[in-house]
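Coordinates in review
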Amino acid sequence: MKKKKLLPKSILSKLGIQHWLNPSYLLTQLLLAFIVVGVIVLGLGVGKSIQTNLLGIQPVYAQRVTPSDVWQQIYQQLPDFPLENKYISKENGKVAENNTLANRLIRYHIYTKGRAPIYRLDWKLTLADYLGANEIMYDTSYPGNDSLRENPIEGDRKAITNLTRSQRDALVQVLVNIFNPTSQNTVPSNPNTTTSPATSTPPQPPQRGGAELLK
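Here the residue numbers are simple positions, counted from 1 along each chain's written sequence. Under the rules for a predicted model, residues below a pLDDT of 70 receive no local features and side-chain atom pairs below 80 are neither given nor counted, while totals for whole chains, interfaces and linings still include all residues. To obtain the side-chain values, all non-hydrogen atoms of the structure were used and water was disregarded.

Observations regarding the pattern of salt bridges
Salt bridge, as used here, is a side-chain nitrogen of Lys or Arg placed within 4 Å of a carboxyl oxygen of Asp or Glu. Using the criterion set out here, one finds four salt bridges in the structure. The partner of R104 in a salt bridge is D156, and the shortest N-O contact between them spans 2.7 Å. Separated by 52 residues along the polypeptide, R104 in helix α6 (residues 101–112) and D156 in helix α8 (residues 153–161) bring together distant segments of the chain. Here R104 matches D156 in class, with each residue buried. Linking E135 and R115 is a salt bridge whose minimum nitrogen-to-oxygen distance equals 3.5 Å. Residue E135 is found in the loop between α7 (120–130) and α8, and its partner R115 is found in the loop between α6 and α7; the two are separated by 20 residues along the sequence. Given the relative accessible area of 10%, R115 is considered buried. Put simply, K113, R115, D129 and E135 are held in one network by salt bridges that share partners. Helical segments are the DSSP runs of H or I of at least four residues, strand segments are the runs of E of at least two, and each set is numbered from the N terminus. Burial status follows relative accessibility: with a 1.4 Å probe on protein chains alone, a residue under 20% of its type maximum counts as buried, one over 50% as exposed, and anything between as partly exposed.

Here is the structure:
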């Protein structure tokens with residue numbers, strides 16, 4: 001029987017077969033394949049993780065309370081807070097009793113300005129808007145402009161302006177407590193106690209004749 005002649009290396013090289021017969025080449029290809037598969041799997045895992053995190057990042061307050069119900073709790077805790085609910089509805093021509101100042105304040109804070117309702121500073125910024133000390137408030141985007149015959153923005157700003165500083169602070173605290181019940185206020189145990197300033201003894205002038213006494 002005739003022995004089959006092996007193809008020369010030059011022909012194998014042209015056919016691209018020589019690389020496949022090279023052990024180091026095969027090992028390199030396998031490593032590259034593992035790396036590519038690992039990157040794909042890792043990418044899928046990270047993508048799912050990011051998607052899960054993004055879907056899971058929901059405001060804590062949204063899981064506990066809804067802004068449309070908070071205004072009732074405000075008037076329960078602050079019965080003296082202005083209602084400002086005498087405006088006429090465009091839809092039925094009746095007084096919109098549920099369209100209160102607290103309702104519009106919350107909607108302006110969360111939806112118009114996109115501020116978080118669990119921080120005191122954000123609520124203070126919103127009140128500063130009403131006082132004309134922060135950002136400009138626009139009539140067209142103010143809550144109630146599209147549902148009430150009269151835009152309540154001017155009346156609401158006047159009502160907030162007429163509040164005392166302590167009343168505004170109480171409002172902010174109630175809002176934060178409602179939207180973030182887990183928040184705790186650290187109050188000193190003895191707020192009335194004051195630390196007495198340290199008394200220092202005035203420097204005494206050096207006594208004369210000290211050098212003579214040492215002789």
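Observations regarding the environment of V176
Checked against the element boundaries, V176 lands in helix α9 (residues 165–179). Contacts are assigned to residue pairs that have any heavy atoms within 4.5 Å of one another. Dropping the residues within four chain positions of it, V176 is found in contact with P117, I118, Y119, R120, W123 and S183.

Concerning the packing of α7 against α8
Whenever a helix is involved, its axis is fitted only over the stretch in contact; in every case the axis is a line through C-alpha atoms, and angles between N-to-C directions fall within 0 to 180 degrees. Running from N to C, α7 and α8 point in directions that differ by 115°, and their axes come no closer than 8 Å. One finds that α7 runs roughly perpendicular with respect to α8. Mapping the contact onto sequence places L127, D129 and Y130 in α7 and D156, R157, I160 and T161 in α8. Under the scheme applied here, ten amino acids are nonpolar (Ala, Val, Leu, Ile, Met, Phe, Trp, Tyr, Cys and Pro), four are charged (Asp, Glu, Lys and Arg), and all others, including Gly, are polar. Class assignment for the residues of the contact of α7 with α8 results in three nonpolar, one polar and three charged. For classification purposes, an angle smaller than 35 degrees is called roughly parallel, one larger than 145 roughly antiparallel, one from 65 to 115 roughly perpendicular, and anything else oblique.

A word on the packing of aromatic side chains
Centre distance within 6.5 Å is the pairing criterion for rings of Phe, Tyr and Trp, where only the six-membered ring of Trp is used; planes under 30 degrees apart are then read as stacked, over 60 as edge-to-face, and the remainder as tilted. Applying the stated criterion across every chain yields a total of six aromatic pairs. A ring pair is formed by Y75 and F81, whose centres lie 5.8 Å apart and whose planes are at 50°; its orientation type is tilted. You'll find Y75 and F81 in the same group, each marked buried. Between Y108 and Y142, the aromatic rings sit 6.0 Å apart at their centres with planes inclined by 45°, giving tilted as the arrangement. Here the residue Y108 occupies a position in helix α6, and Y142 occupies one in the loop between α7 and α8, the gap between them amounting to 34 residues. A network of ring pairs unites the aromatic residues W71, Y75 and F81 as a single cluster.

Thoughts on the nonpolar core
Membership of the largest hydrophobic core comes to 28 residues, with the highest contact counts inside it found for I74, F81, I106, W123, L171 and L175. Sorting the residues of this core by element identifies α5 (67–77), α6, α7, α8 and α9 as the ones contributing at least two each. At seven residues, α9 tops the list of elements feeding residues into this core. If we skip the residues at most four places from it in the chain, W123 touches L105, I106, H109, P117, I118, V172, L175, V176 and F179. We define a nonpolar core as any set of buried Ala, Val, Leu, Ile, Met, Phe, Trp, Tyr and Cys residues linked to one another through side-chain atoms lying within 4.5 Å.

Description of unusual backbone geometry
Even without glycine at this site, E84 takes up a positive phi of about 50°. With respect to the helices, strands and loops of the structure, E84 is situated in the loop between α5 and α6. The class for E84 is partly exposed, based on a relative accessible area of 30%.

Observations regarding the side chain of N85
Its location among the elements puts N85 in the loop between α5 and α6. What makes N85 buried here is its relative accessible area of 10%. Nitrogen and oxygen atoms within 3.5 Å of one another constitute a polar contact, given that in protein one can donate a hydrogen and the other can accept it, and given that sequence-neighbouring residues count only through two side-chain atoms. Separated by 3.1 Å, the side chain of N85 and the backbone oxygen of E97 make a polar contact. Non-local contacts of N85, meaning those with residues more than four positions away in its chain, are made with V95, A96, E97, N99 and T100.

Quick look at the environment of S68
Assignment of secondary structure puts S68 in helix α5. Taking the C-alpha atoms as reference points, S68 and A102, separated by 34 residues in sequence, lie 9.8 Å from one another.

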